[in-house]
Amino acid sequence: MSHSAVSPSARPRGFRPSWLSPKVLRTEVLGGLVVALALIPEAISFSIIAGVDPAIGLFASFTMAVTISVVGGRPAMISAATGAVALVIAPLNREHGFGYMVAAVILAGVFQIALGALGVARLMRFIPRSVMVGFVNSLAILVFIAQVPELRNVPWAVYPLLAAGLALLVLFPRITTAVPAPLVAIAALTVITVAAGIAVPTVGDKGALPSSLPVPGLPDVPFTLDTLITIAPYAFAMALVGLMESLMTAKLVDEITDTPSSKTRESVGQGVANIVTGFLGGMGGCAMIGQTMINVKVSGARTRLSTFLAGVFLMVLCIVFGPVVSDIPMAALVAVMVMVCFATFDWHSVAPATLRRMPAGEITVMVLTVVCVVATHNLAVGVVAGSVTAVVVFAKRVATLADVTAVTDPHGGRVVYTVTGELFFAFSNELVGRFDYAGDPAEVVIDLSAAHIWDASSVAALDAIEHRYAQRGKSVRITGLNEPSARLHRTLSGELAATG
């Protein structure tokens with residue numbers, strides 16, 4: 001059943017939101033709880049990357065999740081402190097201090113609102129499927145790589161605990177789906193380790209949990225032009241990285257849930273969430289693919305309630321149940337994240353049958369996206385590199401479809417060149433070389449009724465062809481232009497430097 005919005009006038013008397021039904025409410029509540037548990041060690045780890053106190057990352061995850069649940073455009077998507085954002089702002093915090101970092105988070109939110117209002121979300125339709133698949137697969141790999149340090153130089157008991165957690169995650173859903181398997185695995189392994197007194201790394205080993213709610217305030221920086229110049233590059237980079245990761249994740253959730261979302265509202269919502277987070281002393285963030293997959297794919301959550309509760313439960317767990325949460329073995333959370341990696345990775349994309357049928361260019365784009373993201377740990381780098389490569393592959397493929405054929409009049413007084421295909425920069429140089437300037441008769445006709453002119457390079461090529469024939473005393477007549485091509489040709493012909 002779709003959770004799409006219904007206008008107030010169309011709602012029957014006594015209408016209530018779908019999440020108030022007992023079954024959906026249970027799913028949303030349990031999904032939010034599982035996500036909150038998984039957020040704690042992640043937020044602490046990202047705080048360490050950014051060089052701030054663990055409480056700063058936890059505050060950011062709380063405020064991002066709660067705010068985006070109200071203002072975001074993609075229900076059930078989880079936003080919190082992320083590694084991508086931490087990597088961007090870490091140098092600013094290291095070189096100028098915490099106050100400058102918080103100011104950059106607020107400015108990044110302003111940039112995101114501006115970019116959202118300018119329609120940057122519409123650019124998502126230009127990201128090809130091969131880049132999207134590469135994005136998903138690289139995220140799965142990155143999430144898995146992030147778990148590896150938790151399995152190095154640890155007591156031997158971690159490994160059987162991890163195996164037990166994976167077994168529970170695989171087998172428990174076959175018994176019942178009433179309770180999320182991750183919640184069962186986390187609870188069971190915690191009880192086992194505490195009851196048996198097994199000494200293994202726990203959430204508490206990651207850092208101290210906060211004991212109070214964040215307090216609003218202004219960043220401790222001088223409000224001068226120099227400060228703005230210092231933080232602006234970091235803020236803009238954070239805005240772009242955050243939006244790209246959030247919009248790509250939203251698009252993925254759209255496909256998983258088969259429901260639409262407002263990418264523009266999500267862009268603006270991310271900005272609002274970062275501004276709120278900054279004024280509450282958080283490190284900022286964006287959408288989280290791992291926690292979103294736990295919420296949507298593993299727990300089956302579909303509404304804003306799960307996102308809201310993930311943030312609320314996070315603070316409740318830290319402040320009220322801090323000692324209990326601190327005892328959760330990291331092995332349990334690693335097991336959950338490993339299963340998330342397995343569920344997120346698009347195994348069909350690397351199946352031999354798929355690779356045999358897929359064009360080489362599509363495979364290249366997918367692999368390049370994965371390699372760039374994994375190598376740099378920067379999703380924006382991979383998506384941009386993949387998209388640019390996809391454009392080059394597409395241009396090359398389309399250019400090869402263009403062709404030129406010549407038919408000479410039997411009496412030898414005229415030759416007709418028929419040009420077919422899409423004429424743009426990738427074919428313009430070859431187009432100039434497809435004519436027999438010396439051997440053709442005095443009258444040359446170029447028939448473009450089966451072609452389309454797309455850019456100035458093609459107009460310049462046609463001018464160059466006319467110029468070469470004119471140098472030999474021969475006339476050229478261009479025919480068959482469709483209206484858009486004729487308009488472009490009239491506007492630019494003669495205005496571009498002809499090449500001889």
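Residues numbered from 1 in each chain as written. Predicted model: local features only at pLDDT ≥ 70, side-chain atom pairs only at ≥ 80, totals over all residues. Heavy atoms only, no water.

Student: What am I meant to see in the overall build of the protein chain here?
Tutor: Scanning the protein chain from N- to C-terminus turns up 19 helices and six strands. Counting only C-alpha atoms and orienting by the principal axes, one finds that the protein chain spans roughly 100 × 60 × 60 Å. Within the protein chain, the fraction of its 500 residues that count as buried is 50%. Excluding contacts between residues fewer than 6 apart, the proportion of contacts in the protein chain whose partners are at least 24 apart in sequence is 84%. Element-wise, carbon and sulfur atoms account for 66% of the exposed surface of the protein chain, whose accessible area totals about 22,600 Å². Side-chain charges in the protein chain split into 31 positive and 29 negative, and the spacing between the mean points of these groups amounts to 9 Å. (Helix = DSSP H or I, 4+ residues; strand = E, 2+ residues; numbered from the N terminus. Buried < 20%, exposed > 50% of the residue type's maximum accessible area, 1.4 Å probe, protein only. Contact = heavy atoms within 4.5 Å. Areas by Shrake-Rupley, 256 points an atom, 1.4 Å probe, with all protein chains shown as cover. Lys, Arg positive; Asp, Glu negative; His and termini not counted. Charge placed at Lys NZ, Arg CZ, Asp CG, Glu CD.)

Student: Would you take a moment to explain the nonpolar core for this structure?
Tutor: Soluble globular proteins: nonpolar side chains tend toward being buried together. Of all hydrophobic cores here, the largest spans 104 residues; its most connected members are Ile40, Leu58, Phe135, Met283, Ile294 and Leu314. A per-element tally of this core places helix α1 (residues 22–50) first, with twelve residues. With near-sequence residues (within four places) excluded, Ile40 lies in contact with Leu58, Val203, Leu209, Leu314, Leu317, Cys318 and Val325. Core analysis: the next-biggest nonpolar cluster, separate from the first, contains 28 residues, Val398, Val419, Leu462 and Ile465 among them. (Core = buried A, V, L, I, M, F, W, Y, C linked by side-chain atoms within 4.5 Å.)

Student: What is the right way to read the pairing of strand β3 (residues 403–408) from this model?
Tutor: The side chains of a regular strand alternate, first on one face of the sheet and then on the other. Of the pairings in the sheet, the one linking β3 to strand β4 (residues 414–423) comprises six bridges and is antiparallel in character. Across the sheet, residue Val404 finds its bridge partner in β4, namely Val419. (Pairing = 2+ DSSP bridges.)

Student: Could you clarify how one ought to interpret the packing of aromatic side chains in this entry?
Tutor: Note on aromatic pairs: each is described by the distance of the centres and the angle between the planes. One pass over the structure, following the stated rule, counts eight aromatic pairs. Ring geometry for Phe111 against Phe236: centres 5.5 Å apart, planes inclined by 90°, an arrangement best described as edge-to-face. In this pair, Phe111 is assigned in helix α4 (residues 98–117) and Phe236 in helix α8 (residues 225–257), connecting sequence segments 125 residues apart. Residue Phe111 is classed as partly exposed on the basis of its relative accessible area, which comes to 24%. Plain terms: the ring middles of Phe424 and Phe425 are 5.2 Å apart, the flat faces sit at 90° to each other, and that makes the pair edge-to-face. Every member of this aromatic cluster is reached through a ring pair, and the members are Tyr417, Phe435, Tyr437 and Tyr469. (Phe/Tyr/Trp six-rings, centres within 6.5 Å; stacked < 30°, edge-to-face > 60°.)

Student: It is not clear to me how helix α9 (residues 263–279) should be interpreted in this structure. Could you clarify?
Tutor: Each α-helix winds once per 3.6 residues, and so residues spaced three or four apart point in a common direction. Taking 1.5 Å of rise per residue, the 17 residues of α9 would be expected to cover 24 Å, and the 25 Å separating its terminal C-alpha atoms lies within 8% of that figure. Within the span of α9, buried status applies to Lys263, Glu266, Ser267, Gly269, Gln270, Gly271, Ala273, Asn274, Ile275, Thr277 and Gly278. Of the surrounding secondary structure, the elements contacted by the buried residues of α9 are α2 (54–71), β1 (79–80), α4, α8 and β2 (286–287). (Expected span 1.5 Å × (residues − 1).)

Student: What should I look at first to understand the side chain of His452 in this one?
Tutor: Along the chain, the position of His452 falls in strand β5 (residues 443–453). By relative accessible area, which is 15% here, His452 ends up buried. Within the local environment of His452, its side chain forms a polar contact with the side chain of Asn482, the two groups lying 3.0 Å apart. (Polar contact = N/O pair within 3.5 Å; in protein donor to acceptor, adjacent residues only side chain to side chain.)

Student: What should I look at first to understand the environment of Val324 in this one?
Tutor: If you trace the backbone, Val324 turns up in helix α12 (residues 322–326). Exposure remark for Val324: the relative accessible area of 53% places this residue in the exposed category. Linking Val324 and Ala442, residues 118 residues apart in sequence, is a C-alpha distance of 92 Å.

Student: Quick question: what am I supposed to make of the environment of Leu401 here?
Tutor: Take Leu401: it is sitting in the loop between α16 (379–399) and β3. Considered as a pair, Leu401 and Glu28 are 373 residues apart in the sequence and their alpha carbons are 52 Å apart.

Student: Whenever I open this one, the sheet that holds β4 confuses me. Can you help?
Tutor: Pairing is mixed across the open sheet formed by four strands, whose spatial order is β3-β4-β5-β6. Looking at the sheet topology across the chains shown, the edges are occupied by β3 and β6 (475–479). Direction aside, the axes of adjacent strands within the sheet are offset by 20° on average. Sheet strands touched by helix α18 (residues 456–471): β4, β5 and β6. Its angle to β5, the strand with the most contacts, is close to 175°. (Axes fitted to C-alpha atoms, helices over the stretch in contact; angles between N-to-C directions.)

Student: Any chance you could explain the pattern of salt bridges here in plain terms?
Tutor: Note that side chains of opposite charge can pair when their charged atoms are close. On inspection of all chains with the given rule, the structure shows eight salt bridges. Across the pair Glu483 and Arg490 runs a salt bridge, and its minimum N-O distance is 3.6 Å. Judged by relative accessible area, which is 57%, Arg490 ranks as exposed. A single salt-bridge network, built from bridges that share partners, covers Arg74, Asp254 and Lys263. (Salt bridge = Lys/Arg side-chain N within 4 Å of Asp/Glu carboxyl O.)

Student: Mind showing me how you'd approach the packing of α2 against α9 here?
Tutor: When two helices pack together, their arrangement is given by the angle between the helix axes and the distance between those axes. Contact geometry for α2 and α9: axes closest at 9 Å, N-to-C directions at 145°. For the element pair α2 and α9, the recorded crossing hand is right-handed. Contacts between α2 and α9 involve Ala60, Thr63, Met64, Thr67, Ile68, Val70 and Val71 from the first element and Arg265, Glu266, Gly269, Gln270, Val272, Ala273, Asn274, Val276 and Thr277 from the second. Looking at the contact of α2 with α9 residue by residue, the class counts come to eight nonpolar, six polar and two charged. (Left-handed = near helix turned anticlockwise from the far one by under 90°. Nonpolar A, V, L, I, M, F, W, Y, C, P; charged D, E, K, R; others polar.)

Student: Would you mind showing me how to read the pairing of β6 here?
Tutor: Here β6 shows a clear split, with Val476 and Ile478 buried on one side and none of Ser475, Arg477 and Thr479 buried on the other. Pairing of β5 with β6 involves five bridges; the strand directions are parallel. Residue pairing across strands places Ile446 opposite Ile478, the latter belonging to β6. With respect to chirality, the unit in which β5 leads through α18 into the neighbouring parallel β6 is right-handed. (Right-handed = clockwise from strand over helix to strand, strands pointing away.)

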